[in-house]
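Structure at a glance
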Amino acid sequence: METITFYSYKGGTGRTLLLANIASLAARMGRRVVVVDADLEAPGLGYKLFERPPTHSDGLVGWLRDYFATGEPPATLSDFLIDVPVTDPFVHGGWIRLITAGRAPSVNYFQQLAYLKLDERIATGVGVDAFVELKRQITEDIEPDLLLIDARTGISSTNRVSTRVLADHVVALSLDTPEQLEGTRSVMRSLTPLTSMSGGDSLGLHVVLSRVAARTPDVSAYEMTDTERAQVARVREFLCEPAEPLRMTLTVDRVHLLHSEPRLVAGDVLLLARSKVLDMTALHVDYLRLAEVLLGGVVQEVASSALGSSSDPEEYEHVARFFARQAEVSVGRGDRLTREPEAEDRRDSDLARRVERLRAMARQDPTLRGDLAVALMNLGRGFSDVGEHERAHEVTEEAVQIWRDLPTDEGPNLPLGSALNSLAIVRQALGRHRAAVEAAEEAVSLWRGAAERDPARGRRELAISLGNLAVVYNALGRREDSIAVSRESLTLWRALAEEDDGDAPALADALLRLAAHLHVEREPARVVEALSEAVALYRSQRAANPAAEPVGLATAMDAIAVAHAAMGHMEAAAEAAEEANHLWRDMVAANPGSHLTELAISLTSLSEHWQHTRGPAVAVEAARESVALLREAALADPEAASRLLPVALNTLGYHLTAMGDHAAARAASLEAVALLRTLAETDPGERAELARALHNLAVDESNSGDVRAAAQTQREAVEVLRALNEDDSFEATMELATGLMQLTGFFSEADDADAAVIAASEAVAIWRRLAEQDRARALTGLALSLRARATALGGSDPQAAVRDAQESVQLLREATRDGDSLAELAMATNNLAVDLWRLGDETGGLAANAEAVALWRRVAEQGHEDAVLNLPSALRNLAAGYARVGDDSRALEVGAQAVDLLREEAAVRPLVGGPALVGLLRFMSALAQRNGDLDQARNLRDESERVTKLLLA
């Protein structure tokens, strides 16, 4: 259950009406919603949800009265709940239940409120306990998806509880007046650090500027005006001014708008409760955009589902307008919804016409064939920009052929070199890697000749061509060649930059590309080295020209975050990703509408780093914002957003799975798969992402208990991977083998042992073939595929299963000797221990456990973030091993070391070390009890309960 508190410093902001609209929309989308009127001095939520407000419930005041009288919550919540009608649902099953303030307005109500002495009780802590207990009872008794709280205005003790103690998110509304903005900022600063006390996660802060001047009829409901952008920037700058002390300074990434709506002057209207929507308003769109932020991707998921099931054209129009799906709305209803053709659309159309004219003219005048080739090249780039790579390939090949046929002066055919570079890029996008290499190698050869004849003219183009060749080599699995030509390109750019500072940005970009190739080579330390030099160059450029957008610096910081994560330096990774995110946000704020896709990509990456450092709940929020931004970006650039949205949805699904929200994860994966299937039909380059999305969907289906559907989905993923393996490249073959191993697992879950054995056997055969090409890279995959087949064979052919398991163990021993890093070596040793224990080799298993502990200690000495939880985990495994062989005293000794480590981590980062500490304490308690030390067992159990309560608090 997520708790969202709606707050405003003064009245008149539309706070309660906003809450009622969000509640109505959520319920219509199938969500279960509890709304609480906590504005006890001026209650009014019932007026927004009913024509005549209900007065038959004692509400919140009555619940608090009973709690304070007995010290226990009332036996049931039903006496305090009022069902709110939900009409015209998009998804059935949703509901709204209202807890009013009480029987207001009445003299008796205000007498009861005064008798509660809430401020005094909150000051002593009793009142805080009461509200926490109410939230617990709501959660356990009626299990809602959302709890929405309408908080009191101003500054009060009850507001402190509803915003800081109970809330996961706070929506703060303000008018654009000095008094309200100053008051709002003061209250929001009092919440710093923005951490929810209900779960210890980051407290979401959503600032809303309300009663914004209504738009004139000639301005679209969907567009922000220049005046509004300036207003938002000014308010955001005011809210984020440095505070005293500095730690109370707010970080406000976005300010939402709620426009004035003339129709609401005569009475409140729940715009998001309407079933017929043919008159779109700015306020309706405002509500919907804010709902997408608060409720996540479910809004557009339901929109897509509702549109898909609408067969009647008028009904389709109503749904499209309700969900502000501008692209699906027909033209001519009075509000300005028509979209002018994009500049790119017009440009490509003009180019196509020019090409046809030049073709006709070149038949009469062959001297115009060069002009035709240039036009074809430009048209090909236009097709590539909008993802039409097949058409781009067709016209670029025609340009290449023209340049081949045209006579040239003595020396290299330089126009052909440029055309071949473009052709290589297009073939790469289509997944035709070998053909791309042929074109790129020919281009490099031409430009190398040009550089030898005229260094001033050819070196720069040679450096560019080498960079392209490095990319296509890498895609084909020729990693050593990729790095070699990337380094040659870098050397050229260094020389050029020394001669001309204007080439310093290209040098920084070349360092970024080298880092990308080194990342594939799994050399994170060298990646960080290259990226650090790039970052220094980008920072120098920014210092020299502060007005320029720091695109390169933001990109480099995103990349260096990935490299730090690969080295296990998770905090450093998160820090770098956060800097990148702030840079992208600043660029978006300075130029609204620009860099939305880059910000979304950065958020997706940041969510993955936060998953390790701040937990899945915070990661989910970043991933949801990424998805919401891409949906927003789709209005301006549908092509780019449609390609990035599935990636963001896949990431969101991963984080939702980590939170245990398998239904939401499955919905995100389904949408990603649907989008990618469509994209892959016209762009084969999207098939790799489709395979990943299908695998994620299979995982979600398995987590939801539908194991047979999971196996079928993974089977489709494998077939996509087969199609991708046309070139039989090492990387693509590894992906296919991995997909088959995953399919083995899903077949095993579905109790289809025969199919599992067939899939595993194919995976084993592929890994053996790969091991002949590069044993070090294929060794672990071969070992794991053998282990998977051993599991599948266990019930039908035990002897064959034992043989596979023994070979797997031998390979894992070899893999630990050839580990790429100390952390990977430690992980491989852990895997080895598991296999040895499964084989019944107690001596070998115990020895491997001890070796894993020693390795993780060395990893910890290096400051590797992975050791924080893995060293205690390895110690616990070793303790469990000693317990299995009956050496309880040594088990307790080793387990105590793990407890000490986790106590230290839990003291610094409770949400990271706390859960692991609870599990370990319970294990140690059971071990102590078995050993006859009942006092120690009781103490450990009591400590476990204390840590659990602290985590819940």
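This structure is a prediction, so every number in the text was calculated from the model and none was measured.

Helices and strands together make up the secondary structure of the protein chain, namely 39 helices and eight strands. Residue burial in the protein chain is summarised as follows: out of 953 residues, 52% are buried. When contacts within the protein chain are restricted to residue pairs at least 6 apart in sequence, those whose partners lie at least 24 apart make up 66%. Approximately 42000 Å² of the protein chain is accessible, and the part contributed by carbon and sulfur atoms is 51%.

Another aspect to go through is helix α10 (residues 282-295). Since there are 3.6 residues in each turn of an α-helix, residues three or four apart along the chain are aligned in direction. Counted at 1.5 Å a residue, the expected span for α10 with its 14 residues is 20 Å, and the 20 Å between its end C-alpha atoms agrees. Counting buried residues along α10, 12 of its 14 residues qualify, which places the element largely inside the surrounding structure. Following α10 by one or two positions, Gly296 has its phi on the positive side, about 85°.

Taken N-terminus to C-terminus, the directions of helix α16 (residues 414-429) and helix α17 (residues 433-453) make an angle of 155°; their axes are 8 Å apart at the nearest point. On the basis of the axis angle, α16 is roughly antiparallel to α17. Taken as a pair, α16 and α17 cross one another with a handedness that is left-handed. Contact with α16, carried on its side by Leu414, Leu416, Gly417, Ser418, Leu420, Asn421, Leu423, Ala424, Arg427 and Gln428, involves His433, Ala435, Ala436, Ala439, Ala440, Glu442, Ala443, Leu446, Trp447 and Ala450 of α17 and no other residues of that element.

Our focus in this paragraph is the pairing of strand β8 (residues 255-259). Within β8, five of the five residues are buried, leaving the element largely enclosed by the surrounding structure. Every second residue of β8 is oriented toward a common face, with Val255, Leu257 and His259 on one face and His256 and Leu258 on the other, all of them buried. Note: strand β7 (residues 204-212) against β8, four bridges, orientation parallel. Across the sheet, residue Val208 finds its bridge partner in β8, namely His256.

Counted under the stated rule, the structure contains 44 salt bridges. One salt bridge connects Arg103 with Asp58, and the closest N-O pair in it is separated by 2.5 Å. Of the two residues, Arg103 sits in the loop between β4 (95-99) and α4 (107-116) while Asp58 sits in the loop between α2 (45-49) and α3 (59-70), which places them 45 residues apart along the sequence. Residue class for Asp58 comes out partly exposed when judged on its relative accessible area of 21%. Within the structure, one salt-bridge network assembled from shared partners comprises Asp58, Arg65, Asp66 and Arg103.

This part covers unusual backbone geometry. The omega torsion across Glu244 and Pro245 is 5°, close enough to zero to call that bond cis. Following the sequence through the fold, Pro245 ends up in the loop between α9 (226-239) and β8. Residues other than glycine seldom take positive phi values, yet Asp88 does so here, at roughly 50°. Residue position: Asp88 is located in the loop between β3 (82-84) and β4. Exposure remark for Asp88: the relative accessible area of 43% places this residue in the partly exposed category. Positive phi, close to 55°, is recorded for Arg211, a residue that is not glycine. In this fold, Arg211 is placed in strand β7.

The next thing to look at is the packing of helix α30 (residues 730-749) against helix α31 (residues 753-773). Relative to each other, α30 and α31 sit at 155°, their axes nearing to 8 Å. The pairing of α30 with α31 is recorded here as roughly antiparallel in orientation. As α30 packs across α31, the resulting crossing turns out to be left-handed. Contacts from Phe730, Thr733, Met734, Leu736, Ala737, Thr738, Leu740, Met741, Leu743, Thr744, Phe747 and Ser748 in α30 reach Ala755, Ala756, Ala759, Ala760, Glu762, Ala763, Ile766, Trp767, Arg769, Leu770 and Gln773 in α31. Here the contact of α30 with α31 is composed, by residue class, of 16 nonpolar, five polar and two charged.

On to the sheet that holds β3. Judged by pairing direction, the sheet is mixed, and its eight strands sit side by side in the order β3-β4-β2-β5-β1-β6-β7-β8 without closing on themselves. Lying at the two open borders of the sheet, with one neighbouring strand each, are β3 and β8. Strand-to-strand, the axes of this sheet are offset by a mean angle of 25°, without reference to chain direction. Sheet topology note: the strand β1 (residues 2-8)/strand β5 (residues 146-150) ladder contains five bridges and is parallel.

One rule of thumb: low pLDDT means the predicted coordinates there are not for detailed reading. Mean pLDDT over the protein chain stands at 82; residues scoring 70 or higher make up 87%. Within the model, pLDDT remains below 50 along residues 327-347, and this stretch shows 27 contacts once partners closer than five positions in the same chain are excluded.

With that settled, consider the environment of Arg97. Of note, Arg97 is situated in strand β4. Once the C-alpha coordinates of Arg97 and Pro144 are considered, the two residues, 47 residues apart in sequence, prove to be 9.3 Å apart. When near neighbours in sequence (up to four residues on either side) are disregarded, Arg97 contacts Val33, Val34, Val35, Leu81, Ile82, Asp83 and Ile142.

On to the pairing of β5. Remember that side chains alternate between the two faces of the sheet whenever the strand is regular. Counting buried positions over the five residues of β5 gives five, a clear majority of the element. Going residue by residue along β5, you find Leu146, Leu148 and Asp150 tucked away on one face and Leu147 and Ile149 tucked away on the opposite face as well.

Turning our attention to the packing of aromatic side chains. Applying the stated criterion across every chain, the model contains five aromatic pairs. Centre to centre, the rings of Phe90 and Phe322 are 5.3 Å apart; their planes meet at 50°, and the pair counts as tilted. With Phe90 in the loop between β3 and β4 and Phe322 in helix α12 (residues 313-322), this residue pair connects regions lying 232 residues apart in the sequence. You can call Phe90 partly exposed: its relative accessible area is 24%. Owing to a relative accessible area of 2%, Phe322 belongs among the buried residues under this scheme. Members of the aromatic cluster, joined through ring pairs, are Trp63, Tyr67 and Phe68.

Turning our eyes to something else, we now look at helix α36 (residues 867-884). With 18 residues, α36 should reach 26 Å at 1.5 Å per residue; the first-to-last C-alpha distance of 25 Å fits that figure. Looking only at α36, the buried set comprises Ala867, Leu871, Pro872, Ala874, Leu875, Leu878, Ala879, Gly881, Tyr882 and Ala883.

Now for the environment of Ala667. Within the secondary structure, Ala667 sits in helix α27 (residues 662-682). Take Ala667: its relative accessible area is 26%, and that puts it in the partly exposed class. A sequence separation of 366 residues divides Ala667 from Glu301, and the C-alpha atoms of the two residues are 7.7 Å apart.

Here the focus is the environment of Val551. Looking at the element boundaries, Val551 is found in helix α22 (residues 551-566). Sequence separation between Val551 and Ala580 is 29 residues; the distance between their C-alpha atoms is 9.4 Å. Each residue touching Val551, except ones within four places of it in the same chain, is listed here: Trp584, Met587 and His595.

So, on to the side chain of Ser626. Along the chain, the position of Ser626 falls in helix α25 (residues 616-636). Those residues in contact with Ser626 that lie beyond four places of it in its chain are Ala600, Ile601, Leu603, Thr604 and Ala648.

Conventions and cut-offs
- Residues numbered from 1 in each chain as written.
- Predicted model: local features only at pLDDT ≥ 70, side-chain atom pairs only at ≥ 80, totals over all residues.
- Heavy atoms only, no water.
- Helix = DSSP H or I, 4+ residues; strand = E, 2+ residues; numbered from the N terminus.
- Buried < 20%, exposed > 50% of the residue type's maximum accessible area, 1.4 Å probe, protein only.
- Contact = heavy atoms within 4.5 Å.
- Areas by Shrake-Rupley, 256 points an atom, 1.4 Å probe, with all protein chains shown as cover.
- Expected span 1.5 Å × (residues − 1).
- Axes fitted to C-alpha atoms, helices over the stretch in contact; angles between N-to-C directions.
- Parallel < 35°, antiparallel > 145°, perpendicular 65-115°, else oblique.
- Left-handed = near helix turned anticlockwise from the far one by under 90°.
- Pairing = 2+ DSSP bridges.
- Salt bridge = Lys/Arg side-chain N within 4 Å of Asp/Glu carboxyl O.
- Nonpolar A, V, L, I, M, F, W, Y, C, P; charged D, E, K, R; others polar.
- pLDDT = per-residue confidence, 0-100.
- Phe/Tyr/Trp six-rings, centres within 6.5 Å; stacked < 30°, edge-to-face > 60°.

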